[in-house]
Amino acid sequence: MIENEDADPVGAAQDDLHDPVTKFTALAVQCGLIQPGDKLDQNVLELCAGVVSLCAGVADGYENPSCPDDTVGDHLRAVLFEH
């Protein structure tokens, strides 16, 4: 069985795993943009928010099966923009 390193980042508190900034920071480290322990600057956070918005816009064309009044895009926004 292959372990998913992203599913349980080392050193991350359980509450942090649901924080979008923590997720974006982990991705920036994985991509080599910053070193572990560094913080993202506001420009990178705005870029991440823009990418989420673009993806959510594409997903707006699909109904969320668990909540027919919402789209999959609405769900993405809720998960990745809640603080």
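To keep things clear, this report deals only with the structure shown in the data block. Note that the coordinates shown come from a computational prediction; the quantities given were computed from them, not determined experimentally. (Residues numbered from 1 in each chain as written. Predicted model: local features only at pLDDT ≥ 70, side-chain atom pairs only at ≥ 80, totals over all residues. Heavy atoms only, no water.)

1. Overview of the overall build of the chain
Okay, so step 1: Of the regular secondary structure elements, the chain holds three helices and two strands.
Okay, so step 2: Each helix (α) and strand (β) of the chain, taken in turn from the N terminus, gives the series α-α-β-β-α.
Okay, so step 3: Put simply, the chain has 83 residues, and 19% of those count as buried.
Okay, so step 4: Sequence-distant contacts in the chain: of pairs separated by 6 or more residues, those separated by 24 or more amount to 33%. (Helix = DSSP H or I, 4+ residues; strand = E, 2+ residues; numbered from the N terminus. Buried < 20%, exposed > 50% of the residue type's maximum accessible area, 1.4 Å probe, protein only. Contact = heavy atoms within 4.5 Å.)

2. With respect to the nonpolar core
Okay, so step 1: Core analysis: the largest hydrophobic core is formed by eight residues, namely Phe 24, Ala 28, Ile 34, Leu 40, Leu 45, Cys 48, Val 52 and Leu 80.
Okay, so step 2: Of all the secondary structure elements, the ones that give two or more residues to this core are helix 1 (20-30) and helix 2 (42-59).
Okay, so step 3: With three residues, the single largest contributor to this core is helix 2.
Okay, so step 4: Once residues lying within four places of it in the same chain are set aside, the contact partners of Leu 80 are Pro 20, Lys 23, Phe 24 and Val 52. (Core = buried A, V, L, I, M, F, W, Y, C linked by side-chain atoms within 4.5 Å.)

3. A short note on the side chain of Thr 71
Okay, so step 1: Relative to the helices and strands, Thr 71 is located in strand 2 (residues 67-71).
Okay, so step 2: With relative accessibility at 18%, the residue Thr 71 sits in the buried group.
Okay, so step 3: Discounting chain neighbours no more than four positions away, the residues touching Thr 71 are Ala 59, Asp 60, Tyr 62, Glu 63 and Asn 64.

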